[in-house]
Each structure stands twice: as structure tokens, then as C-alpha cells.
Amino acid sequence: MKRIIIWLVRAYQRGISPLFPPSCRFEPTCSNYMIEAVQKHGLKGVLMGIARILRCHPFTPTGKDPVPDHFSLRANRK
């Protein structure tokens, strides 16, 4: 299941993302965050990725937001 999710995100990165200008507010990008979260936390990583996408709006400060070592839906600003 993890492989399928990662494959879908990579397909998005290669097929859909290049059609739009870069606009990510965080580092790593939301799609890279999703891949790393799924690799670290399994299917719970999908929830973390979705929470990250929901945090990505103009009223959120930009910056580094790495995947935490422990499952959390909050921003990990270090």
C-alpha cells in the first residue's frame, strides 16, 4: 500500500506539478513531505501529508517543516 501511495505522489510530481508555477510555502515541498511521511509512518503518513496540505495557505508562515520522528498532525518547526 505504501508503494502505491508513493507511486501516485511521484506520478503527480512528474505529470501534474510541472504544469503549474512553483508555489510551495514550505521546505520540503508538500509532495516530498507526503513521501517521507509515508516512508516513516506508514499509512498514518497519509494523514500527516493531508494535514500539511491543509496548512499550506497564504496566512501560514513559510519555512522549514520537516517530517517529525513521532506521528503528529501539527507543524514541526525547528
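Residues numbered from 1 in each chain as written. Predicted model: local features only at pLDDT ≥ 70, side-chain atom pairs only at ≥ 80, totals over all residues. Heavy atoms only, no water.

Labelled according to an unreviewed UniProt entry, the protein appears under the name Putative membrane protein insertion efficiency factor, originating from Streptococcus saliviloxodontae. Check the Sequence similarities (unreviewed entry) section of the UniProt entry for the protein; it says "Belongs to the UPF0161 family." (UniProt positions renumbered as here; feature names shortened; annotations may be inferred.)

Okay, the overall build of the protein next. Regarding its fold elements, the protein presents three helices and two strands. Reading the protein from its N terminus to its C terminus gives the helix and strand order α-β-α-α-β. Over its C-alpha trace the protein gives a radius of gyration of 12 Å, about what one expects of a compact globule, namely 12 Å for 78 residues. In terms of overall dimensions, the protein has C-alpha extents of about 35 × 30 × 15 Å along its principal axes. The long-range fraction of contacts in the protein, counting pairs at least 24 apart against all pairs at least 6 apart in sequence, stands at 56%. When the accessible surface of the protein is split by element, carbon and sulfur atoms take 63% of a total near 5500 Å². Here the protein holds 13 positive side-chain charges and 4 negative ones, and the gap between their average locations is 5 Å. (Helix = DSSP H or I, 4+ residues; strand = E, 2+ residues; numbered from the N terminus. Rg over C-alpha atoms; globule rule 2.2 N^0.38 Å. Contact = heavy atoms within 4.5 Å. Areas by Shrake-Rupley, 256 points an atom, 1.4 Å probe, with all protein chains shown as cover. Lys, Arg positive; Asp, Glu negative; His and termini not counted. Charge placed at Lys NZ, Arg CZ, Asp CG, Glu CD.)

A full pass over the atoms with the stated rule returns zero aromatic pairs. Over the aromatic face of Phe71 sits the side chain of Lys44, whose NZ or CZ is 5.2 Å from the ring centroid. (Phe/Tyr/Trp six-rings, centres within 6.5 Å; stacked < 30°, edge-to-face > 60°. Lys NZ or Arg CZ within 6 Å of the ring centre and 35° of its normal.)

Turning our attention to the pattern of salt bridges. All chains considered together, the criterion is met by five salt bridges. Among the salt bridges present, the one from Asp65 reaches Arg52, with a minimum N-O distance of 3.7 Å. Here the residue Asp65 occupies a position in the segment after β2 (63–64), and Arg52 occupies one in helix α3 (residues 44–55), the gap between them amounting to 13 residues. Both residues of the pair, Asp65 and Arg52, belong to the buried class. Linking Arg55 and Asp65 is a salt bridge whose minimum nitrogen-to-oxygen distance equals 2.8 Å. Linking Arg55 in helix α3 with Asp65 in the segment after β2, this pair joins segments that are 10 residues apart in sequence. With respect to burial, Arg55 and Asp65 carry one shared label: buried. Several salt bridges converge on common partners, so that one network encompasses Glu36, Lys40 and Asp69. (Salt bridge = Lys/Arg side-chain N within 4 Å of Asp/Glu carboxyl O. Buried < 20%, exposed > 50% of the residue type's maximum accessible area, 1.4 Å probe, protein only.)

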